[in-house]
Amino acid sequence: MAKIKMKKKSTSTDMTAMCDVAFLLLTFFILTATAKVPEALPVDTPASTVQTKLPESDLATITIGKGKVFYDLKGREVRKRALELMGQKYGIAFTEDESAKFSLMEGFGVPIQNLKQIIAMKNADRSKADQPGVPKDSLDNQLKEWIYNSRIANIDVNDKELQVAIKGDAKEEYPAIKSVMDILQDQKINSFSLVTGLRGKDF
């Protein structure tokens, strides 16, 4: 009896469905992703193997680099209250609109007398602006006042003690870092975080 030969079918797979899924995922990630806001003062932090994360709230970050000091504060309401207290200290009135814009800003590095100009800028222009840094010398120590008033603002809003982190450039001279530490210790802040970059462990 003769054998029946079966026709060989093509083994190719239809990839149309897979391509559709891939493009849907790509579209989803593009639409939901948020662009990283450029730092006001980019610094190259020293390497470390410690993986402790900074808190998401109740935190003030002091960035030191290129001989400048920038200041940042977490929490919209805390930022508004701190700005109000600083305005009272230096006799500068900030409008509700300026206060709202300030609450959404990243770190800044200007004397409070020039803060209105920085607040009025767009984000892109603000990052390009040549900010001289927050004054911290003995004649006009505005950094000390920002820290002091931020602590009051954080207690007023969140009823919690403000934590402080120092983010210094790896190439920054030690006296610049020490002067900021001295300002913190003058306010009895002896516990603060040092921000570092993560590197792999050597085995």
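Model, not experiment: these values are computed from the prediction. (Residues numbered from 1 in each chain as written. Predicted model: local features only at pLDDT ≥ 70, side-chain atom pairs only at ≥ 80, totals over all residues. Heavy atoms only, no water.)

Among the nonpolar cores identified, the biggest contains 36 residues, and Ile 62, Tyr 71, Leu 115, Leu 143 and Trp 146 are the most heavily contacted of them. Of all elements in the fold, only strand 2 (59-65), strand 3 (68-73), helix 2 (76-90), helix 4 (115-120), helix 6 (142-158), strand 4 (163-168) and helix 7 (174-186) reach the threshold of two or more residues within this core. With 6 residues, the single largest contributor to this core is helix 7. Excluding its chain neighbours within four sequence positions, the residues that come into contact with Trp 146 are Tyr 71, Ala 82, Leu 83, Met 86, Phe 102, Phe 108, Ile 112, Leu 115 and Val 134. (Core = buried A, V, L, I, M, F, W, Y, C linked by side-chain atoms within 4.5 Å. Buried < 20%, exposed > 50% of the residue type's maximum accessible area, 1.4 Å probe, protein only. Helix = DSSP H or I, 4+ residues; strand = E, 2+ residues; numbered from the N terminus. Contact = heavy atoms within 4.5 Å.)

Let's shift gears to the sheet that holds strand 4. Strand-to-strand pairing in sheets goes through backbone hydrogen bonds, with the strands running parallel or antiparallel. Reading across the sheet, the 4 strands line up as 3-2-4-5 and stay open at both edges, with mixed pairing between neighbours. Where the open sheet ends on each side, the last strands, each with one partner, are strand 3 and strand 5 (193-194). One ladder, built from 2 bridges, connects strand 4 with strand 5; its direction is parallel. If you follow Ile 166 over to strand 5, its bridge partner there is Leu 194. Contacts from helix 6 reach strand 2 and strand 3, with the element oriented near 15° to strand 3. (Pairing = 2+ DSSP bridges. Axes fitted to C-alpha atoms, helices over the stretch in contact; angles between N-to-C directions.)

Attention now goes to a nonpolar patch on the surface. On the surface, a cluster of nonpolar side chains totalling about 410 Å² of accessible area is made up of Val 21, Leu 25, Phe 28 and Phe 29. Note that Phe 29 resides in helix 1 (residues 16-32). (Patch = residues over 30% accessible without salt bridge, like charges linked within 9 Å, V, L, I, M, F, W, Y side chains within 5 Å. Areas by Shrake-Rupley, 256 points an atom, 1.4 Å probe, with all protein chains shown as cover. Salt bridge = Lys/Arg side-chain N within 4 Å of Asp/Glu carboxyl O.)

Before going further, it helps to examine unusual backbone geometry. The phi torsion at Asp 58 lies on the positive side, around 55°, for a residue other than glycine. Within the secondary structure, Asp 58 sits in the loop between strand 1 (47-48) and strand 2. In this model, Lys 188 sits at a positive phi of 65°, which is unusual for a non-glycine residue. Looking at the element boundaries, Lys 188 is found in the loop between helix 7 and strand 5.

Residues lying three or four places apart along an α-helix face the same way, a consequence of the helix completing one turn every 3.6 residues. With 17 residues, helix 6 extends 23 Å between its outermost C-alpha atoms, agreeing within 8% with the 24 Å of an ideal straight helix rising 1.5 Å per residue. Considered for burial, the residues of helix 6 that qualify are Gln 142, Leu 143, Glu 145, Trp 146, Ile 147, Asn 149, Ser 150, Arg 151, Ala 153 and Asn 154. If you follow the buried residues of helix 6, they end up packed against strand 2, strand 3, helix 2, helix 3 (96-104), helix 4 and helix 7. (Expected span 1.5 Å × (residues − 1).)

A few words on the packing of aromatic side chains. For the coordinates displayed, the defined rule picks out 5 aromatic pairs. Measuring from ring centre to ring centre gives 6.0 Å for Phe 102 and Trp 146, while their planes differ by 25°; the resulting arrangement is stacked. Here Trp 146 lies in helix 6 and Phe 102 lies in helix 3, a separation of 44 residues in the sequence. The pair Phe 102 / Trp 146 is uniform in exposure class, with both members buried. Grouped by ring-pair contacts, the aromatic residues Tyr 71, Phe 102, Phe 108 and Trp 146 constitute a single cluster. Above the ring of Phe 102, the side-chain terminus of Arg 79 is found at 4.6 Å from the ring centroid. (Phe/Tyr/Trp six-rings, centres within 6.5 Å; stacked < 30°, edge-to-face > 60°. Lys NZ or Arg CZ within 6 Å of the ring centre and 35° of its normal.)

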